[in-house]
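Observations on the three-dimensional arrangement
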Amino acid sequence: MTENITRRVAMISGASRGIGAAIAQRLADAGWAVSLGLRNPGNCPVTGEAVLASRFDAEEPATEAAWVAQTLARFGRLDGLVHNAGIMLPTPVLEATDAEFDRIFAVNVRSPMRLTALAWPHLARDEPGRIVLMASLSGKRIKSEKSGLYGMSKFALMGLAHALRQSGRDNRVRTTAICPSFVATDMSRTLTREDASALTRTEDIARIVHTVLELPPTASIAEIPVHWTVEECF
């Protein structure tokens, strides 16, 4: 049954842990209703009356439409879409197989594009909504051999972000790409020797996403690069 809800509603993919879970908690604490796309809905990190846990797997296209339908059936509206689900394959481009290429682009690029197309009419229905894509500084520059294939997918995701910005020119649906370097998550711990205490926190990224989602459509922000220190480019 659809709830008679006036609070804003956000869909967040990859929300079982790390950045996605932090975003979900931040929005829920701020009074948003959150619809979380999870491979295992039983592992929902957020509780509350305005929380929906739906099965979503970026490698299973049928779960995309089902998740959107479940969100609209429960809440009756959609104000924000946060693409956080993604994978990292530490594969140099000269060693990447066709299967690795296909998988990382399917998860990191193709699924967000399809999911956005499904959600778009609802984001533009009443007040214009917002889309946030969790990209990476690897979508702005390649800093190591092993980040090559991952970076290629994130460069493509940045292209998607800018294409969506142009698509929202008339209906004022705004799109922003968040581009962090290493964040203190389980994935980063396998990729860097930096002390986790020095890295950007998941709560930092959640705060940025929350701010972007609550901006009016008169503030169109294309990209937000985030680093835990100062590097040459950013």
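Since the structure is predicted, the reported quantities are computational estimates derived from the model, not experimental observations.

1. Comments concerning the overall build of the protein
Across its full length, the protein carries six helices and seven strands. Start at the N end of the protein and walk to the C end: the helices and strands fall as β-α-β-β-α-β-α-β-α-β-α-α-β. For the protein, whose C-alpha radius of gyration is 17 Å, the value lies close to the compact-globule estimate of 17 Å for 234 residues. A principal-axis box enclosing the C-alpha atoms of the protein has dimensions of 50 × 40 × 35 Å. The buried share of the protein, taken over its 234 residues, is 48%. Of the roughly 11,200 Å² of accessible surface on the protein, a fraction of 51% belongs to carbon and sulfur atoms.

2. What to know about the packing of helix 2 (residues 62-75) against helix 3 (residues 98-123)
A packed helix pair is summarised by two numbers, namely the angle formed by the two axes and the spacing between the axes. For the pair helix 2 and helix 3, interaxial distance at closest approach is 10 Å and the crossing angle is 30°. Our classification of the angle between helix 2 and helix 3 gives roughly parallel. Note that helix 2 runs across helix 3; the crossing there is right-handed. Here Glu64, Ala65, Trp67, Val68 and Leu72 of helix 2 lie close against helix 3, whose contacting residues are Ser111, Arg114, Leu115, Leu118 and His122.

3. Some words on helix 6 (residues 202-213)
The end-to-end C-alpha distance of helix 6, which contains 12 residues, comes to 17 Å, matching closely the 16 Å that a straight helix rising 1.5 Å per residue would cover. For helix 6, the full list of buried residues reads Thr202, Ile205, Ala206, Val209, His210, Val212 and Leu213. Along the axis of helix 6, the buried positions cluster into a sector of 160°, meaning they face one direction only. Considering only its buried residues, helix 6 is in contact with helix 1 (18-29), strand 4 (80-83), strand 5 (130-134), strand 6 (174-180) and strand 7 (223-226).

4. Here's the deal with the sheet that holds strand 3 (residues 51-55)
Taken together, the seven strands give an open sheet; going across it, the order is 3-2-1-4-5-6-7, and neighbouring strands pair in parallel fashion. With partners counted over all chains shown, the strands left at the sheet margins are strand 3 and strand 7, one partner each. Geometrically, the sheet is characterised by an average inter-axis angle of 15° between neighbouring strands, direction not taken into account. Of the pairings in the sheet, the one linking strand 4 to strand 5 comprises four bridges and is parallel in character. By the bridge assignment for strand 5, Val82 is matched with Val132. Here helix 2 sits on the sheet and contacts strand 1 (9-13), strand 2 (33-38) and strand 3; the angle it forms with strand 3, its principal contact strand, is near 160°.

5. Structural notes on the packing of aromatic side chains
Applying the stated criterion to the full structure yields three aromatic pairs. Ring plane angle 40° and centroid distance 5.0 Å describe the contact between Phe56 and Trp67, whose orientation is recorded as tilted. With a gap of 11 residues between them, Phe56 in the loop between strand 3 and helix 2 and Trp67 in helix 2 connect regions that are remote in the sequence. The exposure classification of Phe56 matches that of Trp67, with both residues buried. Between the aromatic rings of Phe182 and Trp228, the centroid separation amounts to 6.0 Å while the plane-to-plane angle is 35°, which identifies the pairing as tilted. Of this pair, Phe182 sits in the loop between strand 6 and helix 5 (186-189) while Trp228 sits in the segment after strand 7; the two residues are 46 residues apart in sequence, bridging distant segments of the chain. Take Phe182: its relative accessible area is 27%, and that puts it in the partly exposed class. Given a relative accessible area of 23%, Trp228 falls into the partly exposed group.

6. A word on the nonpolar core
Of all hydrophobic cores here, the largest spans 38 residues; its most connected members are Met11, Leu81, Ile104, Leu115, Leu123, Ile131 and Leu133. Elements with a contribution of two residues or more to this core: strand 1, helix 2, helix 3, strand 5, helix 4 (148-167) and strand 6. Here Met11 is in contact with Ser35, Trp67, Val68, Thr71, Leu78, Gly80, Leu81, Val82 and Leu115, once residues within four sequence places are set aside. Among the nonpolar cores identified, the runner-up in size contains 26 residues, and Val34, Leu36, Val51 and Val82 belong to it.

What counts, and where the lines are drawn
Residues numbered from 1 in each chain as written. Predicted model: local features only at pLDDT ≥ 70, side-chain atom pairs only at ≥ 80, totals over all residues. Heavy atoms only, no water. Helix = DSSP H or I, 4+ residues; strand = E, 2+ residues; numbered from the N terminus. Rg over C-alpha atoms; globule rule 2.2 N^0.38 Å. Buried < 20%, exposed > 50% of the residue type's maximum accessible area, 1.4 Å probe, protein only. Areas by Shrake-Rupley, 256 points an atom, 1.4 Å probe, with all protein chains shown as cover. Axes fitted to C-alpha atoms, helices over the stretch in contact; angles between N-to-C directions. Parallel < 35°, antiparallel > 145°, perpendicular 65-115°, else oblique. Left-handed = near helix turned anticlockwise from the far one by under 90°. Contact = heavy atoms within 4.5 Å. Expected span 1.5 Å × (residues − 1). Arc of directions from axis to C-beta. Pairing = 2+ DSSP bridges. Phe/Tyr/Trp six-rings, centres within 6.5 Å; stacked < 30°, edge-to-face > 60°. Core = buried A, V, L, I, M, F, W, Y, C linked by side-chain atoms within 4.5 Å.

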